[in-house]
Amino acid sequence: MLAGMMYMEDQRYLELIKQRAPKTRHLRTMIAAFFVGGFICCIGQAFNDLCAYFFPALNPSTIKQIVPLVLVVLATLLTCIGIYDKIGEIGGAGSIIPITGFANSIISPAIEHKREGIINGVCANMFKIAGPVLVIGIVASVLSGIIALVLKSVT
Amino acid sequence: MPASTIQLKSRVLIGAVATLAGPKESQGPLKKHFNKALRDDLLGLTSYELAESKIHESAIRYLLNKTNYMPQDIDLCIAGDLTDELYATNFAMRTLEIPFVGSFGACATYGAAIALAARIIDASVFKQRIICSVSSHFSTAERQFRFPLELGTQRTPLAQWTVTGAGAMLINKTEGRIRIESVTFGRVVDWGVKDANNMGGAMAPAAMNTMIRHFKDTRRQPRYYDLIITGDLGHTGALLLKQLMYERSYDLDQTNYTDCGVLIFDRETQKVEQGGSGPACSALVFNAYVYKKLLEGSIGRVLLVTTGALISKTSCLQKQSIPAIAHAVSFERI
């Protein structure tokens, strides 16, 4: 009876797991993600508006460059003191998608691998999680740039 | 009796046990049963791997102190953990002058070590003493199998929490009141579960396979045991195992069945989703809780089925399913 059942895909069993396993509560996590993500964006926007209010001399495009910088620094700080992962536990994608999540994904492996040294630890592992995002982002921007160039020269 | 289950001919006894539990574990429901509770899981060392190594070493030293043996009195130590190349265990053994065999069976290591040690003791004519020990650490396991600690990710409802701690057991022929009666080594079972978060689901068929072989070989029913306890299937895994056993006409609901991963944490307040996992999970629960109950005499016969998901980081990325194994050891009060 037990022979031949060691290694095989048992569709009936996989179906049973699907029935019995607890599911992610999508509505609850989505609402949490909406508010956490929204809150992070609000901070960015608020900083943007305050900058424009207090330093009228700055032109809007400079401010738009400063805002992400500030958010990245904030996220780095929160990651280092061990708060960002707690926000992430509640917010999920709401705290992963904004630029703060990107900062978190670079800083957290850097902290983790500090023990293996600067070169082989921090530098080698920093982009372990953010690496794919960077590669795909750069490839996508190059491709869209080429497409734009072709379209421009055609028209 | 077929070779699948080995009934020990002589009296193989548990001499003593020791447990060291991490901070989260020592806030759980079993807190008052552990020998030592750690307040800090880094122990002031430079890395979590070294901390786990220290915890492992301390558990063995605690056991030696308890039994008044010197390291030279111990003939062999069979030990393991979850880290690559058994980092924690190998480094713990540097300072202990005990002959050592490293063993890896993921979270099933403890059962495998006990079963091996029991067989060696059973076959020996001399007075032999063997220590079985395992350790695991939440932070080393997270790094090994998952994401950096500070990364803001959400845990899935099927996730399990790797237990921080170490457990050690001395097995001999002369001292002790709990006997190891028979052992059933596991077979690798893989039913095609691919979700690395669903380890309970991957391990349940392996536990079922080993359990049924044990029951068939010994011609016993689950009712024979006062307690049947699996390693770290978690809440859902235990449910699945019950269902699988029920379909093969072994009703675990009729027996006192539970899971170490379910016992070690409080699911409601400690946010562990499915419960504990890791080799130290079954070691801590068995040594601290089940062994105590056996000594007290409130239970007489126990079947410990440690379960392990034999997953690796590479196999996971290569989209392979998760093979699993389970080893069963039957204990008896004498």
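How each quantity is defined
Residues numbered from 1 in each chain as written. Chains lettered and ligands numbered in written order. Predicted model: local features only at pLDDT ≥ 70, side-chain atom pairs only at ≥ 80, totals over all residues. Heavy atoms only, no water. Buried < 20%, exposed > 50% of the residue type's maximum accessible area, 1.4 Å probe, protein only. Helix = DSSP H or I, 4+ residues; strand = E, 2+ residues; numbered from the N terminus. Pairing = 2+ DSSP bridges. Contact = heavy atoms within 4.5 Å. Buried area = accessible area lost by both parts, 1.4 Å probe. Salt bridge = Lys/Arg side-chain N within 4 Å of Asp/Glu carboxyl O. Polar contact = N/O pair within 3.5 Å; in protein donor to acceptor, adjacent residues only side chain to side chain. Nonpolar A, V, L, I, M, F, W, Y, C, P; charged D, E, K, R; others polar. Disulfide = S-S within 2.5 Å.

## Regarding the pairing of strand β7 (residues 165-172) of chain B
All names here are of chain B.
Consideration 1: Across the eight residues that make up β7, a large majority, eight, are buried.
Consideration 2: Every second residue of β7 is oriented toward a common face, with Gly-165, Gly-167, Met-169 and Ile-171 on one face and Ala-166, Ala-168, Leu-170 and Asn-172 on the other, all of them buried.
Consideration 3: In terms of strand pairing, strand β1 (residues 5-21) meets β7 through eight bridges, oriented antiparallel. Residue Val-17 lies in a different strand from β7, and its bridge partner there is Met-169.

## As for the interface of chain A and chain B
Consideration 1: Between chain A and chain B, the residue contacts involve 39 residues of the former and 42 residues of the latter.
Consideration 2: Interface area for chain A against chain B, summed over the two sides, is near 3,400 Å², with a carbon-plus-sulfur share of 59%.
Consideration 3: For the pair chain A and chain B, the interface holds three salt bridges.
Consideration 4: The interface formed by chain A and chain B holds 13 residue pairs in polar contact (both at pLDDT 80 or more) in total.
Consideration 5: Elements with a contribution of two residues or more to the side of chain A that touches chain B: α1 (11-20), α4 (84-91) and α6 (99-112) of chain A.
Consideration 6: Partitioned by chemical class, the residues of the side of chain A that touches chain B number 18 nonpolar, eleven polar and ten charged.

## With respect to unusual backbone geometry
Residues and elements named next belong to chain B.
Consideration 1: Notably, Arg-219 is not glycine yet its phi reads approximately 55 degrees, a positive angle.
Consideration 2: Tracing the chain through its elements places Arg-219 in the loop between α5 (199-218) and β9 (227-230).
Consideration 3: With a relative accessible area of 77%, Arg-219 lands in the exposed category.
Consideration 4: Residue Lys-319 is not a glycine yet carries a positive backbone phi of 60 degrees.
Consideration 5: Here Lys-319 lies in the loop between α10 (313-317) and β13 (324-333).

## A look at the state of the cysteines
Consideration 1: Applying the stated criterion across every chain, the model contains zero disulfides over all chains.
Consideration 2: We note that Cys-41 of chain A lacks a disulfide partner, and the nearest cysteine sulfur, in Cys-42 of chain A, lies 7.1 Å from it.
Consideration 3: The partly exposed category is assigned to Cys-41 of chain A, whose relative accessible area is 48%.
Consideration 4: Cys-281 of chain B forms no disulfide, and the closest cysteine sulfur to it belongs to Cys-260 of chain B, at a distance of 5.5 Å.

## Things to note about the pattern of salt bridges
Consideration 1: According to the stated counting rule, one finds twelve salt bridges over all chains in the structure shown.
Consideration 2: Salt-bridge contacts for Glu-57 of chain B lead to Arg-61 of chain B; the nearest nitrogen and oxygen are separated by 3.0 Å. Of the two residues, Glu-57 of chain B and Arg-61 of chain B both sit in helix α1 (residues 48-67), four residues apart, roughly one turn of that helix.
Consideration 3: Overall, Glu-57 of chain B belongs to the buried group, its relative accessible area being 11%.
Consideration 4: Among the residues examined, Arg-61 of chain B registers a relative accessible area of 32% and is labelled partly exposed.
Consideration 5: With a closest N to O distance of 3.5 Å, Lys-242 of chain B and Asp-253 of chain B form a salt bridge. On the criterion of sequence distance, the pair formed by Lys-242 of chain B in helix α6 (residues 234-247) and Asp-253 of chain B in the loop between α6 and β10 (257-259) is long-range, its members being eleven residues apart.
Consideration 6: What you see here is one network of salt bridges that share partners, running through Glu-112 and Glu-116 of chain A together with Glu-49 and Arg-143 of chain B.

Fair warning: the whole summary comes from geometry, so function is off the table for now.
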